[in-house]
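# Chain and residue survey
Chain by chain, the residues run as shown.
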Amino acid sequence: MYKRQFYYYTGRYMTCWLHPGWRDHLCKMVCGVVEAGAEGVYVDNPWHGIQPLSLAGVWLGPAGCYCGRCRDAFQEATGLAIPQEIAPETDKASRRYLCWRAEQVTSTLAMLADHARSLRSDVLFGANDFDAVMRSSYLVYGIDLRSLAEVQDMILIEDYGLPRWEVRTDNAEPILVNSALTLRTARALIGDTPLSTLPYDAGIGFDPVYPARRFQQGIAEAAACGATMVVKGTEFVENGTFTLLTAGQFAPEREGIGQMHCWLAECADLYQNRRNVAPVRLLYPDEGLWQSWHQVAPRYFGIGQALLAAGVPWRVVTAEDDWSGLDVLYCLDRAPVREPIPSG
């Protein structure tokens, strides 16, 4: 895997986050954005190198960057070699490497945020932090949501949870699609940092313009979870080609979006200065979620889905939260492995 290039997307490759030329390039890009008068700087898909693939209950392939620069940096920080295989449930080196990798993402984004604010103190800084639950973003991409909330002025969750209740034609149980568990988990991790969601059905280049009702459901769900929904105007597909939400035939959809936003503006007092105090709570598994993803994630997701489907008021909590008013606590029995880790 050494000295090999890995694709990010067509015509583009992953890069080393420690490469000094690349870091200088990022700073120049930030400078250009700020000097152009933009209100903020946004970093899309800050993924650290190669992403391992989950298949049949194991992680396949490498993670991150294996260039000499990164190998030396990890060796200096930990005294360990970057593992050839990713096995966080059983391998200490894998766990330490994945933590170090996430630290590189956070420290690099912190460096860019500090640079932007040094150019103009009121500039905002954010990134696409992807999904906190439906994918193991910490392990796959190196995204540490809790740490990034201390760096970014806003958090954006991109997922495939645009709300829908899908009745099956094969007499199987209906499917409940939502972003509620993801948003409640994110809110528990990031505190008061502003939170936005960008939900899809299938993703960029696959989804048509949604009916007005679907947009309204997504906006309402986000508001109920203490977040805002980003409404994209691009990357929809109509009759095999890309189209825009601003096209003439989608006036009813735009009107529906506007009606929902007007209602939220009129009823803002229902959402401001409110806190979820539901007595039924789901304990966030913390490091156990990514260390034992294949065992923990399905159960964590299943509990959240069952509570939603049953209409039970609930919230996600962490071990550090105030648990006063608790009646029922759902927790998973697989705790994270926490051996002493030297700081790097």
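Refer to the structure printed above.
Okay, so let's go over this structure. Sequence order as written defines residue numbering, which begins from 1 separately in each chain. Where local features are concerned, this predicted model is filtered to residues with pLDDT of at least 70; where side-chain atom pairs are given and counted, the filter is 80 or more; whole-chain, interface and lining totals use all residues. To get the side-chain values, take all heavy atoms of the structure and skip hydrogens and water.

Another aspect to go through is the sheet that holds strand β15 (residues 314-317). Strands pair, by our definition, only if DSSP identifies at least two bridges between them. Comment: elements are numbered from the N terminus, with helices defined as DSSP H or I runs of at least four residues and strands as E runs of at least two. Taken in spatial order, the 3 strands make up an open sheet running β15-β14-β16, and their pairing is parallel. Of all strands in the sheet, those bounded by a partner on one side alone are β15 and β16 (328-330). This sheet shows a mean twist of 30° between the axes of neighbouring strands, independent of strand direction. Where strand β14 (residues 280-283) lies against β16, 3 bridges are found, and the strand directions are parallel. Its bridge partner lying in β16, V280 is registered against V328. Lying on the sheet, helix α6 (residues 180-190) is in contact with β14 and β15; it crosses β15 at an angle near 45°. Here an angle of 0 to 180 degrees is reported between the N-to-C directions of two axes, which are lines fitted to C-alpha atoms, with helices fitted over the stretch in contact. The contact definition used throughout considers only heavy atoms, calling two residues in contact when any of these lie within 4.5 Å.

We count a salt bridge whenever a side-chain nitrogen from Lys or Arg sits within 4 Å of a carboxyl oxygen from Asp or Glu. Per the stated rule, a full pass over the model turns up 9 salt bridges. R120 is paired through a salt bridge with D122; the nearest N and O atoms lie 2.7 Å apart. Three or more residues joined by partner-sharing salt bridges are found here, namely R164, E166, D201 and R214.

Per-residue accessibility, obtained with a 1.4 Å probe over protein chains only, is compared with the maximum for each type, and a residue is labelled buried under 20%, exposed over 50%, and partly exposed between these values. Burial of strand β3 (residues 40-43) is one-sided: the residues V41 and V43 facing one way are buried, the residues G40 and Y42 facing the other way are not. Of the strand pairs in this sheet, β3 and strand β6 (residues 124-128) are connected by 4 bridges, and their pairing is parallel. Across the sheet, the residue bridging to V43 is A127, located in β6.

A pair of Phe, Tyr and Trp rings is counted when the ring centres sit within 6.5 Å of each other, with Trp represented by its six-membered ring. The angle between the planes then sorts it: under 30 degrees is stacked, over 60 is edge-to-face, the rest tilted. Under the criterion given, the structure shown has 14 aromatic pairs. Seen in terms of ring centroids, W47 and F130 are 5.9 Å apart; in terms of plane orientation they differ by 70°. Their pairing is edge-to-face. Note that W47 is positioned in the loop between β3 and β4 (53-55) and F130 in the loop between β6 and α4 (137-141), a separation of 83 residues in sequence. Residue classification places W47 among the buried positions, given a relative accessible area of 14%. Here Y66 and Y97 contribute two aromatic rings whose centre-to-centre distance is 6.2 Å and whose plane-to-plane angle is 50°, an arrangement assigned as tilted. One end of the pair, Y66, is in the loop between β5 (58-60) and α2 (68-78); the other, Y97, is in helix α3 (residues 92-119), and 31 residues separate them in sequence. Relative accessible area serves as the criterion here: at 4%, Y66 is assigned to the buried category. For Y97, a relative accessible area of 0% gives the class buried. Members of the aromatic cluster, joined through ring pairs, are Y66, F74, Y97 and W100. Over the ring of W314 we find R184; its NZ or CZ atom is 4.5 Å from the centre of that ring. Only when the NZ atom of a Lys or the CZ atom of an Arg is both within 6 Å of the ring centre and within 35 degrees of the ring normal do we say a charge sits over the ring.

With respect to the helices and strands, G49 occurs in the loop between β3 and β4. With 165 residues separating them in the primary sequence, G49 and R214 have C-alpha atoms 35 Å apart.

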